[in-house]
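What follows is the residue order along each chain.
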Amino acid sequence: MKHSLRAAVATGNTALLAGLLLATSCNPSASTEQNSGSSPTMTDSTQTVAAAPGAASFGKTQDGTEVQLYTLSNAHGLKVSITNYGGTITSLLVPDKAGKPGEVVLGFNSVSGYQSPEFLKSGPYFGALIGRYGNRIARGKFTLDGKEYTLAKNNGENTLHGGKKGFDKVVWQAEPGTSAEGQTLKLTYLSKDGEEGYPGNLRVTVVYTLTADDALKIDYSATTDKATPVNLTNHAYFNLSGGKDVLGHEVTIAADRYNVVDAGLIPTGELRPVKGTPFDFTTPHTIGERIAQVPGGYDHNWLLNQTTGLHPAATVYEPTTGRTMEVTTTEPGLQFYTGNFLDGTLKGANNQTYGKHAGFCMETQHFPDSPNQPTFPSTILKPGQTLQSSTVYKFGVRQ
Ligand code: BGC
């Protein structure tokens, strides 16, 4: 960080000041210099070191690579833990209406949970970064600039979430730090030309920020040296109830239309109005209210009404705990998935069983199978362009 506490005060930069104060209050070593002297004489280097989130070992991957767990916190008791294995959010503690922090995501407390045979077989992608292409590509094929590409298939005849070894299963370079908004974790990964069948060396950067105003912000960017499809998202399973299923959560989705899909969850191309259907979340409905009318449960992509800037995607409210979550994004679509395939085989960090509807995902993204659907917004990134995408999950309580 290039700013000093004094500079923030002098310029009246309140956001920066809040970030710096937050950072110093969160890390005991930050106060050393202030305690020993009569006036705060923080230097740039003490701020960087002092404010960065802490890291701890998260165990070794099956190929023997040591991976880390980084914990970002803010002054209101929010704490998010992220491992550089898959860039995975493993834990997110958020206060309820009584002010008591509790777990709001599904996850495990060591990397072995994410590499167990049961986890890999069922493939729920808990909390992971998803790429190179989030969601499905039909029959694992697409044609770009006249050339057909064949991808690794891992979902019947289709490719899901990047293929057999997507971004969720690789080790990212991690750099903990701070910004004016709060503590950050910057993750970078080079996806090589040909990886899982995709063209081009793709350099991806993801920055997680836990902000002073209780949001988990995810900023994605990417560049390539050959044209390639890219669709990046995060696959966190949220549960705001503190241990029950998510059917009582009240949801709104800022979308008047959704993508109709076939039996393999590939869009048919029809964009159907939600009005009069169980997909209408333009006003609040609990997840459970109409889920029985949707064969298999919700696992669909909604077309967000706004598509420019950071726009509303969804809100969630859990009446028993009072927790709220507000999702905004720069992406045009939202895959709302209600944990339909969870079957109780997986046990989480606190030994709780993850059964059907134990969590829901709000994966902000472009539409499924866009590389094969010319009428959908393009997901093709070309050399010289920089993909930039942001999603914010903001937490609060309603009394
Ligand atoms: C997909 C689901 C899939 C889940 C876990 C979601 O994004 O839409 O169909 O089961 O991810 O892989």
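Residues numbered from 1 in each chain as written. Predicted model: local features only at pLDDT ≥ 70, side-chain atom pairs only at ≥ 80, totals over all residues.

### Let's talk about the sheet that holds strand β21 (residues 299–304)
Under the convention used in this document: Whether two strands pair comes down to DSSP finding at least two bridges between them. Runs of E in the DSSP output that reach at least two residues are strands. Runs of H or I that reach at least four are helices, and both are numbered from the N terminus. Orientation is described by axes fitted as lines to C-alpha atoms, over the contacting stretch for helices, and by angles from 0 to 180 degrees between their N-to-C directions.
Taken together, five strands build an open sheet; the order of strands is β19-β18-β21-β24-β27 and the sheet is antiparallel. Among the strands making up the open sheet, the edge pair consists of β19 (267–273) and β27 (361–365). Strand-to-strand twist across the sheet, computed as the mean angle between neighbouring axes with direction ignored, equals 30°. Sheet topology note: the β21/strand β24 (residues 333–337) ladder contains five bridges and is antiparallel. Across the sheet, the residue bridging to asparagine 301 is glutamine 335, located in β24.

### Notes on the sheet that holds strand β17 (residues 250–253)
Here nine strands make up an open sheet; going across it, the order is β11-β12-β13-β14-β29-β23-β22-β17-β20 and the pairing antiparallel. Looking at strand neighbours, the two that pair on one side only are β11 (173–179) and β20 (285–286), the edges of this open sheet.

### What to know about the site of the ligand
As a reminder of what qualifies: We count a residue as near a molecule or strand when its backbone-placed C-beta atom lies within 6 Å of that partner. The residue classification treats Ala, Val, Leu, Ile, Met, Phe, Trp, Tyr, Cys and Pro as nonpolar and Asp, Glu, Lys and Arg as charged. All others, Gly included, are polar.
All residues in the neighbourhood of the ligand are listed as Gly123, Pro124, Tyr125, Leu265, Asp299, Gln335, Tyr337, Phe341 and Glu363. Across the shell around the ligand, the residue classes tally to five nonpolar, two polar and two charged.

### Comments concerning the UniProt feature "binding site: beta-D-galactose" (unreviewed entry) in the protein chain
Condition: UniProt positions are given in the numbering used here, feature names are shortened, and annotations may be inferred rather than shown by experiment. Residues with at least 20 other C-beta atoms within 10 Å of their own are called buried, those with 12 or fewer are called exposed, and the rest are partly exposed. The C-beta atoms themselves are positioned from the backbone. For the purpose of contact definition, each residue receives a C-beta atom placed from its backbone, and two residues are in contact when these atoms lie within 7 Å.
Feature annotation in UniProt assigns "binding site: beta-D-galactose" (unreviewed entry) to the following positions: Asn135, Arg136, His235, Ala236, Tyr237 and Asp299. With respect to the helices and strands, the residue asparagine 135 is situated in the loop between β6 (129–130) and β7 (136–137). For asparagine 135, a count of 29 C-beta atoms within 10 Å translates into the label buried. Not counting residues up to four positions away in its chain, the partners in contact with asparagine 135 are His161, Asn231, Gln335, Gln365 and Pro368. Here arginine 136 is in contact with Asn155, Asn158, Thr159, Leu160, Leu265, Ile266, Pro368 and Asp369, once residues within four sequence places are set aside.

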